[in-house]
Amino acid sequence: MDKWTVARALREIASYIELSEPNPFKARAFESAARRIESLDRSVDDLVATGGLHSTPGIGRSIGPIVADLVTKGHSAYLDELRSRYPPGIFELLRVPALGLKKIGVLYSELGIASLDELEAAAQAGRVAGLAGFGAKTQKKILDGIATARRRSSQFLLSFGLEVGESLRGRLAQIDAIEDAIVSGSVRRRLEIVDSVDIVVATGDSVRAIAEVEKRGLLDRLEQDGWTMLRGFGRDEIPVSLHLTAPADCGAALVVTTGSADFVEAFASTIAKNGFELRHRELFHNGRHIRSENESALFERVAVPFVDPELRESGDVLRRKKRVRLVEPADLKGTFHVHTTFSDGRNSVAEMLSAARDRGFDYVGISDHSPNAFYANGVTVDDLTGQHAEIDAQRALVAPMRVFRGTEADILDDGTIDYGHATLPRFDFVVASIHSRFAMDREAMTARMLRALDDPFVTILGHLTGRLLLGRTGYAIDFDRVFDRAAERGVMIEINGNPHRLELDWRLAGRAIDRGVLLCINPDAHSIAELSHVISGVWLARKAGLSAKHIFNTRPVDEVADYLEKRRQKAMERVLSAEC
DNA sequence: GCCGTTTTCGGCCCGACTGTTTTCAGTCG
């Protein structure tokens, strides 16, 4: 069993404990044990086999045997028992805003509520308001929140849609009767929130193809709609549509099913001028069927410059005379905003650096949290020396990759930057982010951010609005004023590739670019695996129509090093002259 | 549940906000 699976089991135990136990520290002990396991630098099997478990901090007499059970038996009797005490799916109530594990525990023990439907019925009957710790306002909030929770359960993050789509595509491609399978729809357009997965399936024998899909159980609750459409559900109930098409019509089927509806409509009317028509996912010219094995051949045949799928949200893009070369993952030479175990990262400096080198980066910037971020174990001024020494010690091992020492410093309530000017010069770069007081009004929040942008040590503005997709709307700011100030001060704005954040929003990126703001694609990585968030950052940049020239970290290492050093020097001069 | 040279109990990362309370618990970041 790998360490991630063990950690997940420990977290599940922590959640069950929080439902029922009054002592909050017991659940926290399991949480911290999970973190310990995740940050192991060797396999958990090895740790158990060699008896090293007992000397691992945070894992004591109770948790030790649970970890050993998980590793040696593949399950834990303790966790099995906890699971049997509650109905499955009780944690779906967490989707309701204002409901945490404590309240869910009370709802279950007092009223036996363990699903959204039961909760809704009880709240409508007024039974929730009578519970200890609940009241009329909470009951109203819950009723409002159930709608949100239901909506959230029918929407999915792009990263999830892509994972389900690609895994299905791979399994479809293994079927003999299927020549090709390509993910289309809003996933292919890289829309940040999707409600379904669409796959074009090219086959010369749809009867056999459908029979195989059914036989292999690739989808749940399969419905057949004629011979060209199969609908079902993938993992976690995401709706999936398979669009069966003859291989000769694959290009047309891709255009139509990729959408958007607006784009396809505009595309159809553009090509109609030359006598072409899209009908039932097939291409016709003056009534005669035209082969379109792939999309680029189709665009060429109808004499329209190819439009990258990410740009197909509206038909306006068809007015362009030429295709713009969008930024690609291979364009990124390095990245910033990478956390380590010095704050809330799960991997050490050494692990993160060698993983960055293995991705082929020429440079990487380490940026742990600043002291104000208590909950994220921010690095104190005293601990900085140790971290910098550790980074310096690792440099030679990952050469010639260049390592920059940075921070993700909190923007404090008044807009000043955590650490202050006594310490900020010690960093090669500073990502400034807001992690507290999200509820400020638009005016106050904008003022706070403008002041942060005025600090000469700030290099990059981190996750612009703090939004969490399907979780939390970002704080309100006046974007144009922030973009103007960022351009004026030469502060970059981050494209945060974390699939839950994906901001600055692709709908806004063009406005920032037009005002002269430079952008930087960062992973906000808290583990080796999360370094891949630079790829989702590239999706966003492509969706915004950006090229390599708009992105700072497509620049070569020498240019980047020079830029950062000059900026740091200038900041120190400005601060010194202000003090004189 | 874990930890500890103050060693078997008492503390455990913090703060804003909200609603239910009338001094605090739960949620969220």
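Residues numbered from 1 in each chain as written. Chains lettered and ligands numbered in written order. Predicted model: local features only at pLDDT ≥ 70, side-chain atom pairs only at ≥ 80, totals over all residues. Heavy atoms only, no water.

> Mind laying out the overall build of chain A, listing which residues take part and the relevant values?
Within chain A, the regular secondary structure consists of 21 helices and 17 strands. In terms of overall dimensions, chain A is globule-like: its C-alpha atoms have a radius of gyration of 27 Å, near the 25 Å expected for 580 residues. Burial analysis of chain A (580 residues in total) assigns 52% to the buried set. Contacts in chain A between residues at least 24 apart in sequence constitute 69% of all its contacts with a sequence separation of at least 6. (Helix = DSSP H or I, 4+ residues; strand = E, 2+ residues; numbered from the N terminus. Rg over C-alpha atoms; globule rule 2.2 N^0.38 Å. Buried < 20%, exposed > 50% of the residue type's maximum accessible area, 1.4 Å probe, protein only. Contact = heavy atoms within 4.5 Å.)

> Quick rundown of the protein's contact with DNA strand B? Include the residues and the values.
As a matter of local geometry, DNA strand B sits amid 31 residues, with Gly 58, Gly 100, Gly 135, Phe 438 and Arg 472 nearest to it. When atoms of DNA strand B within 4 Å of the protein are sorted by moiety, sugar and phosphate together comprise 79%. A distance of 3.3 Å separates a phosphate oxygen of DNA strand B from a polar atom in the backbone of Ser 62. At 3.0 Å from a phosphate oxygen of DNA strand B is found a side-chain nitrogen or oxygen belonging to Thr 138. At the level of elements, helix H2 (24-38), helix H6 (101-111) and helix H8 (136-153) are the ones that each hand at least two residues to the surface near DNA strand B. Split by residue class, the surface near DNA strand B holds 14 nonpolar, nine polar and eight charged. (Near = heavy atom within 4 Å. Polar contact = N/O pair within 3.5 Å; in protein donor to acceptor, adjacent residues only side chain to side chain. Nonpolar A, V, L, I, M, F, W, Y, C, P; charged D, E, K, R; others polar.)

> Describe the packing of aromatic side chains, and please don't skip the residues or the numbers.
Applying the stated rule across the entire model yields 17 aromatic pairs. Counting every residue linked through ring pairs, the aromatic cluster contains Phe 336, Tyr 363, Phe 404, Phe 429, Phe 552 and Tyr 563. If you follow Arg 279 out to its NZ or CZ, it ends over the ring of Phe 284, 4.1 Å from the centre. The aromatic ring of Phe 306 is capped on one face by Arg 312, whose charged end is 5.6 Å from the ring centroid. (Phe/Tyr/Trp six-rings, centres within 6.5 Å; stacked < 30°, edge-to-face > 60°. Lys NZ or Arg CZ within 6 Å of the ring centre and 35° of its normal.)

> Got a sec to walk through the sheet that holds strand E2 (residues 178-184)? Specific residues and values, please.
Pairing between the strands of a sheet is mediated by backbone hydrogen bonds and can be parallel or antiparallel. Judged by pairing direction, the sheet is mixed, and its five strands sit side by side in the order E2-E4-E7-E6-E5 without closing on themselves. The two strands at the open ends of the sheet, each matched to only one other strand, are E2 and strand E5 (220-225). When strand polarity is set aside, the average angle formed by the axes of neighbouring strands in this sheet is 20 degrees. Sheet analysis places strand E6 (residues 229-233) next to strand E7 (residues 239-245), joined by five bridges and oriented antiparallel. (Pairing = 2+ DSSP bridges. Axes fitted to C-alpha atoms, helices over the stretch in contact; angles between N-to-C directions.)

> Which residues make up the pattern of salt bridges, and what values do they have?
Under the defined criterion, the tally for this structure stands at 47 salt bridges. Taking the shortest distance from any N to any O, the salt bridge between Glu 81 and Arg 85 comes out at 3.2 Å. With Glu 81 and Arg 85 both in helix H5 (residues 77-85) and four residues apart, the pair spans about one turn of that helix. A residue is classified by how much of its surface remains accessible, and Glu 81, at 36% relative accessible area, is partly exposed. (Salt bridge = Lys/Arg side-chain N within 4 Å of Asp/Glu carboxyl O.)

> Any chance you could break down the packing of helix H1 (residues 3-20) against H2 for me, citing the residues and the numbers?
Running from N to C, H1 and H2 cross one another at 170 degrees; their axes reach a closest spacing of 8 Å. Classed by the angle they form, the pair H1 and H2 counts as roughly antiparallel. Each of Lys 3, Trp 4, Val 6, Ala 7, Leu 10, Arg 11, Ile 13, Ala 14, Ile 17 and Glu 18 in H1 lies in contact with H2, whose residues at this interface are Lys 26, Ala 27, Phe 30, Glu 31, Ala 33, Ala 34, Arg 35, Ile 37 and Glu 38. Class assignment of the residues belonging to the contact of H1 with H2 gives a composition of 12 nonpolar, no polar and seven charged. (Parallel < 35°, antiparallel > 145°, perpendicular 65-115°, else oblique.)

> So what's going on with the sheet that holds strand E10 (residues 288-290)? Which residues, and what values?
Taken in spatial order, the three strands line up as E8-E9-E10 in an open sheet, and their pairing is antiparallel. The open sheet has two edge strands, strand E8 (276-279) and E10, and neither has a second partner. In this sheet, adjacent strand axes meet at a mean angle of 40 degrees when their direction is disregarded. Summarising the sheet, strand E9 (residues 282-285) and E10 pair through three bridges and their orientation is antiparallel. Of the residues in E10, the one forming a bridge with Phe 284 is His 289. Against the sheet, helix H13 (residues 261-272) contacts E8 and E9, and its axis sits at roughly 145 degrees relative to E8.

> I'd like to hear about the pairing of strand E4 (residues 197-203), residue by residue, with values.
Extensive coverage of E4 is indicated by the burial of seven of its seven residues. Every second residue of E4 is oriented toward a common face, with Val 197, Ile 199, Val 201 and Thr 203 on one face and Asp 198, Val 200 and Ala 202 on the other, all of them buried. With six bridges connecting them, E2 and E4 associate as antiparallel partners. When the bridges of E4 are listed, Ile 182 appears paired with Val 200. Two strands pair when backbone bridges link them, and E4 and E7 are joined in this way by six bridges, in the parallel orientation. Opposite Asp 198, over in E7, you have Ser 241 as the bridge partner.

> I'd like a rundown of H13, residues and numbers included.
Along its 12 residues, H13 runs 16 Å from first to last C-alpha, staying within 8% of the 16 Å computed at 1.5 Å per residue. Regarding H13, the residues found buried are Phe 263, Val 264, Ala 266, Phe 267 and Ile 271. Summarising the axial view, the buried residues of H13 lie within an arc of 165 degrees, below the 170-degree limit, and thus occupy one face. Facing away from the buried side of H13, by more than 90 degrees, are the exposed residues Ala 261 and Glu 265. Considering only its buried residues, H13 is in contact with helix H12 (250-258), E8, E9 and helix H14 (295-301). (Expected span 1.5 Å × (residues − 1). Arc of directions from axis to C-beta.)

> Any chance you could break down the pairing of strand E16 (residues 492-496) for me, citing the residues and the numbers?
Across the five residues of E16, five count as buried, placing the element largely inside the fold. Here E16 shows a buried face lined by Met 492, Glu 494 and Asn 496 and a second buried face lined by Ile 493 and Ile 495. Examined bridge by bridge, strand E15 (residues 460-461) and E16 share two bridges and lie parallel to one another. What sits directly across from Leu 461, in E16, is Ile 493. At this point the chain moves from E15, through helix H18 (residues 479-489), to the parallel E16, and the crossover so formed is right-handed. (Right-handed = clockwise from strand over helix to strand, strands pointing away.)

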